[in-house]
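Listed below, chain by chain, are the residues.
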Amino acid sequence: DQQVKQNSPSLSVQEGRISILNCDYTNSMFDYFLWYKKYPAEGPTFLISISSIKDKNEDGRFTVFLNKSAKHLSLHIVPSQPGDSAVYFCATPSGTYKYIFGTGTRLKVLA
Amino acid sequence: DARVTQTPRHKVTEMGQEVTMRCQPILGHNTVFWYRQTMMQGLELLAYFRNRAPLDDSGMPKDRFSAEMPDATLATLKIQPSEPRDSAVYFCASGPDRSSPHFGNGTRLTVT
């Protein structure tokens, strides 16, 4: 039973446009969310996070939005660059030490 | 720049053989995780440790998988006997308490 879901396995976007990656969660007790980025043959690396006391967190070209009532978060990348092509995972702590991840969305930015 | 080190990077083995994957967590990180990446499940949590004690291994098939931390610098994941359905990329990650995990580059396992 997936507690964190990424329903779009893949997304293609033209360079310079906005990329929007989505993530849904089932447990309203989750209060902190992370996005990781993964290149082929490498491990995932932390990208950006958001706490439930906020509804938006921005870091350069990356912005994460949180809609608690809908149990939904999204990652916006503006403008998208070819180097952003990767798999993106959303994640959340579950319990004290455990992190659970979604199934990932493969983003391809077309030059 | 400190990083999690995993060995081997690639492993090809025949069904029924034992496989051991090793991980050196980042010094000072007291939580260690084992994840498996598959197309269908994304990043599945197999097991995790805090201060070398196993906290949860409910994500692992108990009859064939085992995870241990013999010391603070080494975590191991063993599969015995291996099966073709175990083919995946296995990631180790470590982190300080309540902080985002840092991942190694994974072990790509192929069981034929």
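For the structure itself, consult the block above.
Here the residue numbers are simple positions, counted from 1 along each chain's written sequence. Here every chain gets a letter starting at A, and every ligand a number starting at 1, in the order they are written. Per-residue local features of the predicted model are confined to residues with pLDDT of at least 70, and side-chain atom pairs are confined, for both listing and counting, to 80 or more; whole-chain, interface and lining totals are unaffected and use all residues. No hydrogens and no water enter the side-chain calculation; it runs on all heavy atoms of the structure.

A.B. asks: Before we move on, can you summarise the overall build of chain A with the specific residues and values?
C.D. replies: When you go through chain A residue by residue, the secondary structure sums to zero helices and eleven strands. The secondary structure elements of chain A, listed N-terminal to C-terminal, are β-β-β-β-β-β-β-β-β-β-β. Over its C-alpha atoms chain A spans a radius of gyration of 13 Å, differing by no more than 12% from the 13 Å that the globule rule assigns to 111 residues. Reported as C-alpha extents along the three principal axes, the dimensions of chain A are approximately 40 × 30 × 20 Å. A simple rule labels every residue: compare its accessible area, found with a 1.4 Å probe on the protein chains alone, to the largest value its type can have, and call it buried under 20%, exposed over 50%, or partly exposed in between. For chain A, buried positions account for 44% of its 111 residues. Here, Shrake-Rupley sampling with a 1.4 Å probe gives the accessible areas, and only protein chains in the shown set may cover a residue. On chain A, roughly 5400 Å² of surface is accessible, and the fraction owed to carbon and sulfur atoms is 48%. Across chain A, the 12 positively charged side chains and the 9 negatively charged ones have centroids separated by 3 Å. Numbering of helices and strands runs from the N terminus, with a helix taken as a DSSP run of H or I at least four residues long and a strand as a DSSP run of E at least two residues long. Using C-alpha atoms as the atom set, the radius of gyration is obtained and then compared with a globule rule of 2.2 Å times the number of residues to the power 0.38. Here Asp and Glu are counted as negative and Lys and Arg as positive; His is not counted, and neither are the chain ends. For this purpose, a charge sits on NZ of Lys, CZ of Arg, CG of Asp or CD of Glu.

A.B. asks: Give me the interface of chain B and chain A: which residues, what numbers.
C.D. replies: Note on definitions: a residue-residue contact is assigned when non-hydrogen atoms from the two residues lie within 4.5 Å. Listed as interface residues are 23 residues of chain B and, on the opposing side, 17 residues of chain A. As a working definition, buried area equals the accessible area (1.4 Å probe) given up by two parts on being put together, with both sides summed. Where chain B abuts chain A, roughly 1700 Å² becomes buried across the two surfaces, and 59% of that area is made up of carbon and sulfur atoms. What makes a salt bridge here is a side-chain nitrogen of Lys or Arg within 4 Å of a carboxyl oxygen of Asp or Glu, nothing more. Viewed at the interface, chain A and chain B are joined by one salt bridge. A salt bridge links Asp56 of chain B to Lys98 of chain A, with the nearest nitrogen and oxygen atoms 3.6 Å apart. As used in this structure description, the phrase polar contact means that two N or O atoms lie within 3.5 Å; if the pair is within protein, one of them must be able to donate a hydrogen and the other to accept it, and residues adjacent in sequence are counted only when both atoms belong to side chains. Linking chain B with chain A are five residue pairs in polar contact (both at pLDDT 80 or more), by the criterion used here.

A.B. asks: Quick rundown of the sheet that holds strand β3 (residues 19-24) of chain B? Include the residues and the values.
C.D. replies: To summarise the sheet geometry, strands pair through backbone hydrogen bonds and adopt either a parallel or an antiparallel arrangement. All names here are of chain B. Across the sheet, four strands lie side by side as β1-β3-β8-β7; this open sheet has antiparallel pairing. Of all the strands in the sheet, the pair left with one neighbour each is β1 (5-7) and β7 (65-71). On average, each strand axis in the sheet is tilted by 20° relative to the strand beside it, whichever way the strands run. DSSP calls a pair of strands paired once it identifies at least 2 bridges connecting them. For β7 and strand β8 (residues 74-79), the ladder comprises five bridges, and the chain directions are antiparallel. Across the sheet, Glu68 pairs through a bridge with Thr76, a residue of β8. Geometry is summarised by axes, namely lines fitted to C-alpha atoms with helices restricted to the contacting stretch, and by angles between N-to-C directions that run from 0 to 180 degrees.

A.B. asks: Kindly report on the nonpolar core, identifying the contributing residues and their values.
C.D. replies: Take the buried residues of types Ala, Val, Leu, Ile, Met, Phe, Trp, Tyr and Cys, join any two whose side-chain atoms come within 4.5 Å, and each joined set is a nonpolar core. Grouped together as the largest cluster of nonpolar side chains are 23 residues, with contacts concentrated most on Trp35, Leu73, Leu75 and Tyr88 of chain A. For this core, the secondary-structure elements that each account for two or more residues are β3 (19-25), β4 (32-38), β5 (45-51), β7 (62-67), β8 (72-77), β9 (86-94) and β11 (105-110) of chain A. Core analysis: the next-biggest nonpolar cluster, separate from the first, contains 22 residues, Cys23, Val32, Trp34 and Phe49 of chain B among them.

A.B. asks: Give a description of the state of the cysteines that names residues and reports values.
C.D. replies: Cysteine sulfurs are considered disulfide-paired once they come within 2.5 Å of each other. Counted by the stated rule, this structure contains two disulfides over all chains. Across the disulfide, Cys23 of chain A is cross-linked to Cys90 of chain A (sulfur-sulfur distance 1.9 Å). An S-S torsion of about 70° defines the bridge between Cys23 of chain A and Cys90 of chain A as right-handed. One end of the pair, Cys23 of chain A, is in strand β3; the other, Cys90 of chain A, is in strand β9, and 67 residues separate them in sequence. The pair formed by Cys23 of chain A and Cys90 of chain A is uniform in burial state, with each residue classed as buried. For Cys23 of chain B, the disulfide goes to Cys92 of chain B, at an S-S distance of 1.9 Å. Between Cys23 of chain B and Cys92 of chain B, the S-S torsion sits near -65°, and that sign places the bridge as left-handed.

A.B. asks: Quick one: what's the story with the pairing of β8 of chain B, residue by residue and with numbers?
C.D. replies: Residue and element names in this part refer to chain B. As defined by bridge partners, β3 adjoins β8 across five bridges and the pair is classed as antiparallel. Paired with Cys23 across the strands is Ala75, a residue of β8. Following β7, the chain reverses through two residues before pairing antiparallel with β8.

A.B. asks: Please give an account of the packing of aromatic side chains that cites residues and values.
C.D. replies: Only Phe, Tyr and Trp rings take part, Trp by its six-membered ring, and two of them pair if their centres are within 6.5 Å. Stacked means planes under 30 degrees apart, edge-to-face means over 60, and tilted covers everything else. Applying the stated rule across the entire model yields 14 aromatic pairs over all chains. Note on Phe65 of chain B and Tyr90 of chain B: the rings are 6.5 Å apart at their centroids and 40° apart in plane angle, and the pair reads as tilted. Of this pair, Phe65 of chain B sits in strand β7 while Tyr90 of chain B sits in strand β9 (residues 88-95), placing them 25 residues apart in sequence. This pair shows no difference in class: Phe65 of chain B is buried, exactly as Tyr90 of chain B is. Put simply, the rings of Tyr36, Phe46, Phe89, Tyr99 and Phe101 of chain A together with Phe33, Tyr35, Tyr48, Phe91 and Phe103 of chain B touch in pairs and so form one group of aromatic residues.

A.B. asks: Go over the pairing of β3 of chain B, please, and point to the residues and values.
C.D. replies: Sheet topology note: the β1 of chain B/β3 of chain B ladder contains three bridges and is antiparallel. For Thr5 of chain B, the partnering residue across the bridge sits in β3 of chain B and is Gln24 of chain B.

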